[in-house]
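One-letter residues, chain by chain:
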Amino acid sequence: MALKTTEVEAKGGRSRHRSLGLSDEQALRIYEVMRLARAVDERMWLINRQGRAPFVISCQGQEGAQVGIAAALRPGSDWVAPYYRDAGVVLWFGMTARDQMLSFFARREDPNSGGRQMPGHFGSRRLHIVTGGSPVATQLLHAAGVALASKQRKEDAVTAAFFGEGAASQGDTHEAMNFAGIHKLAVLFVCENNGYAISVPQSQQMAIQNVADRAAGYGFPGVVVDGNDVLACYEVARQAVERARRGEGPTLIEAKTYRFTAHSSDDDDKRYRQAEEVAIWRQKDPIQRYATYLREAGTLLDPVEQEITERVNQQVEDATDYAEQAPDPTADDLTTFVFKQELKP
Amino acid sequence: MAVKTVIEAIRDGMDEEMARDESVFLIGEDVGNRGGVFLASDGLYKKYGELRVIDSPLAESCIVGVAIGAAVNGMRPIAEIQFADFIAPAMNQIIEEAARFSYRTAGDFNLPMVIRAPWGGGVHGALYHSQSIEAMFAHVPGLKVVAPGTPADAKGLLKAAIRDPDPVLYLEHKRTYRLVKGEVPDGDGVVPIGKADVKRDGKDLSLIAYGLMLTYCLEVAEKLAADGISAEVLDLRTIRPIDRAAIIATARKTGKVLVVHEDTPFAGVAAEVMAIIMENAFDALDAPVMRVTGPDVPAMPFNHVLEEAFMPNPEKILAKARELAAV
């Protein structure tokens, strides 16, 4: 078994998406979800800085990896165990801008948690999005367990766990990959390596260049992909999904990317990274890059782009208005759902 | 009705539930071919196969984390932690994850899963094969914690735990495994979670216990009877949700309560039981509520003198009960 880490190069050409089996419509859908993730996120920062909401944590810069990889999955039957930046993943899996904003404003109607969790802690049983907490890497084991259940029932569902390179240091990451490797579970381990765990750079997180190299230690392939190239992400994910559905086991995908914002609205990234570095990465914005490609491919025509922009803006406006006016939970909501089966003391 | 040991009752409980419901499976260290280090799953691997009796890697967080994921996706896992003492690596998964799934999703998710853990001392298990962990986990809202002391309760509570929609920490006292025998009803015999059980009626004082200490308290009650003291023995069976009504009822009935556990005393189960009594039955008390517990040292030593000094036993309980009766 060849277990050497594969590096996938971005390939040129004006019909890359078609050669990957994506119709123009699908290619544009990917673009629109990336745009929506970014736009909702930008609006959250605006509202946060106006003092209308206490906290925001961002997907900005990582939408290519998120949507590109999620697009290789089947929403509804496959599962995802996202981490807190994965707005692009959960939007692809059926969450809406309203859902995001209801969570951001911590309203009662927030489908993730009823306003209990901080923003970014996604979860929906209906949409097959496994709820996440704040301690990192726990979701990798949950993904292995979800995939074990699929195997036990002989279903061909694939489960994708998403995490940052900081979470790669956690023991649960090792335990999950080890278990999934042993049982050849249909799991994609997706590391969105944005170079920093809050302030700590990758060089202080691990002694190696590629998280994906670790896959060899678990008996399955590791792939490094340019996380800001959405089609490259889609391509490696599709191959990993096909491999998983064939029963051949997991793949570790490392998407090299970057976060444009500070860790969160409570962080000051000027304390640990240079503005020049951020500026360089902003030039590699996955959305702009994909838009350029789609325009050159003749897929993203001006009127189409205008329609997309209008739809995105309309959703952001609607979501903001709706969520900001939506009612808070009441104090009575504090004590509900400690258990599924309510128990009286 | 058949007379069984605690370990047989646990095995029967798992076997019957696995036969009844295909979504029930077992995962843990050595649970497969070996049948578990205590033989709790003896024969199940052969009967149900490798997809339903899974030898896990030696990694407790993995055992619990995988069980959580499987429960999300429609299964009813039984996660076995080989010794309760080894549960610490899984605490993040149990406390931060399993116990929060329902609450943090406002009821969207729930986890029908059981974590079985052999606990307790008196087996020359030293620091890391003797611990009592119930207080640490009972402190966590969102977890149910049960600690049966008889074969019938062991089987009945295990069945209830497996069928429960929420995560249940099922503590099986390893000293009772083969020491305690008793009649187990034919059929399901499900014992509801959250219900204590009066194992012996009495009127002069109440002994409240669970696990191995139940057996000891029943012995003590017998000896007290010879002295003309009528002791009631309340078996908590479930640590959380604790049966407040049963605790209050026995306190009101006898007016004198001794709480017994081998766990260390500070912020322990006895302390909670005493608080419930103080808040709800203070006016009915004829004496301060007392307790017999393990000492406030980190864990139980290997040497037999030290082990005996750590463990509550019938003599220690009897002495304290006589002190209470004399008030």
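Residues numbered from 1 in each chain as written. Chains lettered and ligands numbered in written order. Predicted model: local features only at pLDDT ≥ 70, side-chain atom pairs only at ≥ 80, totals over all residues. Heavy atoms only, no water.

**Q** Honestly, the overall build of chain B in this entry has me stumped. Any pointers?
**A** Tallying secondary structure elements over chain B gives 13 helices and 14 strands in all. For chain B, the C-alpha radius of gyration of 19 Å lies close to 20 Å, the compact-globule estimate for 327 residues. Seen through its principal axes, chain B has C-alpha atoms that stretch 60 × 45 × 40 Å. Burial analysis of chain B (327 residues in total) assigns 64% to the buried set. (Helix = DSSP H or I, 4+ residues; strand = E, 2+ residues; numbered from the N terminus. Rg over C-alpha atoms; globule rule 2.2 N^0.38 Å. Buried < 20%, exposed > 50% of the residue type's maximum accessible area, 1.4 Å probe, protein only.)

**Q** Please clarify how the pairing of strand E4 (residues 76–80) of chain B should be interpreted in this entry.
**A** Residues and elements named next belong to chain B. Burial of E4 is extensive: four of the five residues sit out of reach of the surface. Relative to strand E5 (residues 114–119), E4 runs parallel, the two being bridged by three bridges. Opposite Glu-80, over in E5, you have Arg-116 as the bridge partner. (Pairing = 2+ DSSP bridges.)

**Q** It is not clear to me how the sheet that holds strand E13 (residues 257–260) of chain B should be interpreted in this structure. Could you clarify?
**A** All names here are of chain B. The mixed open sheet is built from five strands, whose spatial order is E9-E11-E10-E13-E14. Where the open sheet ends on each side, the last strands, each with one partner, are strand E9 (197–200) and strand E14 (290–292). Between one strand axis and the next, the sheet turns by 25° as a mean value, whatever way the strands run. Here strand E10 (residues 205–209) runs beside strand E11 (residues 231–235); their pairing, made up of five bridges, is parallel. Opposite Ser-206, over in E11, you have Glu-232 as the bridge partner. Packing of helix H13 (residues 314–326) onto the sheet brings it into contact with E10, E13 and E14, and relative to E14 it is tilted by some 170°. (Axes fitted to C-alpha atoms, helices over the stretch in contact; angles between N-to-C directions. Contact = heavy atoms within 4.5 Å.)

**Q** For this particular structure, what's the right way to read unusual backbone geometry?
**A** Across the chain, the bulk of peptide bonds are trans and the bulk of non-glycine residues have phi less than zero. Cis geometry marks the peptide bond from Arg-240 of chain B to Pro-241 of chain B, where omega comes out at 0°. Along the chain, Pro-241 of chain B turns up in the loop between strand E12 (238–240) and helix H10 (244–254).

**Q** Would you explain the pattern of salt bridges in this entry?
**A** All names here are of chain B. Taken as a whole, this structure holds 47 salt bridges over all chains when the rule is applied. Asp-188 serves as the salt-bridge partner of Lys-159, at 3.0 Å between the closest nitrogen and oxygen. Here Lys-159, found in helix H7 (residues 151–163), pairs with Asp-188, found in the loop between strand E8 (181–184) and E9; they are 29 residues apart in sequence, far enough to count as distant. With relative accessibility at 36%, the residue Asp-188 sits in the partly exposed group. Where Glu-222 meets Arg-200, a salt bridge forms, and the shortest distance between an N and an O atom there is 2.7 Å. Taken together, the residues span a long stretch of sequence, with Glu-222 in helix H9 (residues 212–226) and Arg-200 in strand E9 at a distance of 22 residues. Residue classification places Arg-200 among the partly exposed positions, given a relative accessible area of 24%. (Salt bridge = Lys/Arg side-chain N within 4 Å of Asp/Glu carboxyl O.)

**Q** Explanation requested: the interface of chain A and chain B in the structure shown.
**A** Interfaces are often sized by the accessible area lost when the parts come together. At the interface, 44 residues of chain A touch 41 residues of chain B. Taken together, the connections running from chain A to chain B amount to zero salt bridges. Across the contact surface, chain A and chain B share 20 residue pairs in polar contact (both at pLDDT 80 or more). Going through the elements one at a time, helix H6 (138–152) and helix H7 (171–182) of chain A are the ones with two or more residues in the side of chain A that touches chain B. Residues of the side of chain A that touches chain B, tallied by class, amount to 18 nonpolar, 18 polar and eight charged. (Polar contact = N/O pair within 3.5 Å; in protein donor to acceptor, adjacent residues only side chain to side chain. Nonpolar A, V, L, I, M, F, W, Y, C, P; charged D, E, K, R; others polar.)

**Q** So what exactly am I meant to see when it comes to the packing of aromatic side chains here?
**A** The description of two aromatic rings rests on the distance between their centres and on the angle between their planes. On inspection of all chains with the given rule, the structure shows 14 aromatic pairs over all chains. When the ring of Tyr-290 of chain A is compared with that of Tyr-293 of chain A, the centres are 6.2 Å apart and the planes differ by 5°; the resulting orientation is stacked. Linking Tyr-290 of chain A with Tyr-293 of chain A, this pair stays in helix H11 (residues 286–296), spanning three residues, or about one helical turn. The exposure class of Tyr-290 of chain A is buried, given its relative accessible area of 3%. Note on Tyr-293 of chain A: relative accessible area 11%, which makes it buried. Between Phe-101 of chain B and Phe-109 of chain B, the ring centres sit 6.0 Å apart and the planes meet at 90°, which makes this aromatic pair edge-to-face. Overall, Phe-101 of chain B belongs to the buried group, its relative accessible area being 0%. Under the relative-accessibility criterion, Phe-109 of chain B is labelled buried at 0%. An aromatic cluster is defined as three or more aromatic residues linked by ring pairs; in this entry it consists of Tyr-196, Tyr-258, Tyr-272 and Trp-281 of chain A. A cation over an aromatic ring shows up here: Lys-284 of chain A above the ring of Trp-281 of chain A, its NZ or CZ 4.1 Å from the ring centre. (Phe/Tyr/Trp six-rings, centres within 6.5 Å; stacked < 30°, edge-to-face > 60°. Lys NZ or Arg CZ within 6 Å of the ring centre and 35° of its normal.)

**Q** Explanation requested: the side chain of Asp-12 of chain B in the structure shown.
**A** One can find Asp-12 of chain B in helix H1 (residues 6–20). In this structure, Asp-12 of chain B is in contact with Lys-4 and Lys-155 of chain B, ignoring residues within four places of it in sequence.

**Q** Would you mind going over the packing of H6 of chain A against helix H3 (residues 60–72) of chain B with me for this structure?
**A** To describe two helices that pack against each other, one gives the angle between their axes and the distance between the axes. Contact geometry for H6 of chain A and H3 of chain B: axes closest at 6 Å, N-to-C directions at 55°. In terms of axis orientation, H6 of chain A runs oblique to H3 of chain B. The two elements H6 of chain A and H3 of chain B meet at a crossing, and its hand is right-handed. Side by side, H6 of chain A and H3 of chain B meet where Leu-141, His-142, Ala-144, Gly-145, Val-146, Leu-148 and Ala-149 of chain A of the first sit next to Ser-61, Cys-62, Gly-65, Val-66, Ile-68, Gly-69, Ala-70 and Val-72 of chain B of the second. Here the residues of the contact of H6 of chain A with H3 of chain B are counted per class, giving ten nonpolar, five polar and no charged. (Parallel < 35°, antiparallel > 145°, perpendicular 65-115°, else oblique. Left-handed = near helix turned anticlockwise from the far one by under 90°.)

**Q** In this structure, what is going on with the packing of helix H2 (residues 24–49) of chain A against helix H3 (residues 63–70) of chain A? I would like to understand it.
**A** Residues and elements named next belong to chain A. In contact at an axis separation of 10 Å, H2 and H3 are set at 140° when each is read in the N-to-C sense. Compared by their axis directions, H2 and H3 come out oblique. Along this stretch, H2 crosses H3, giving a crossing that reads as right-handed. Every residue of H3 that contacts H2 at Ile-30, Val-33, Met-34, Ala-37 and Arg-38 is listed here: Glu-63, Gly-64 and Val-67. By residue class, the composition of the contact of H2 with H3 is five nonpolar, one polar and two charged.

**Q** When you look at the environment of Thr-257 of chain A in this model, what are you seeing that I'm missing?
**A** All names here are of chain A. Along the chain, Thr-257 falls in the loop between strand E8 (251–256) and helix H10 (275–282). If sequence neighbours within four positions are ignored, Thr-257 has contacts with Gly-61, Gln-62, Glu-192, Asn-193, Asn-194, Gly-195, Gly-227, Asn-228 and Trp-281. One polar contact links the side chain of Thr-257 to the main-chain carbonyl oxygen of Gly-61, over a distance of 3.0 Å.

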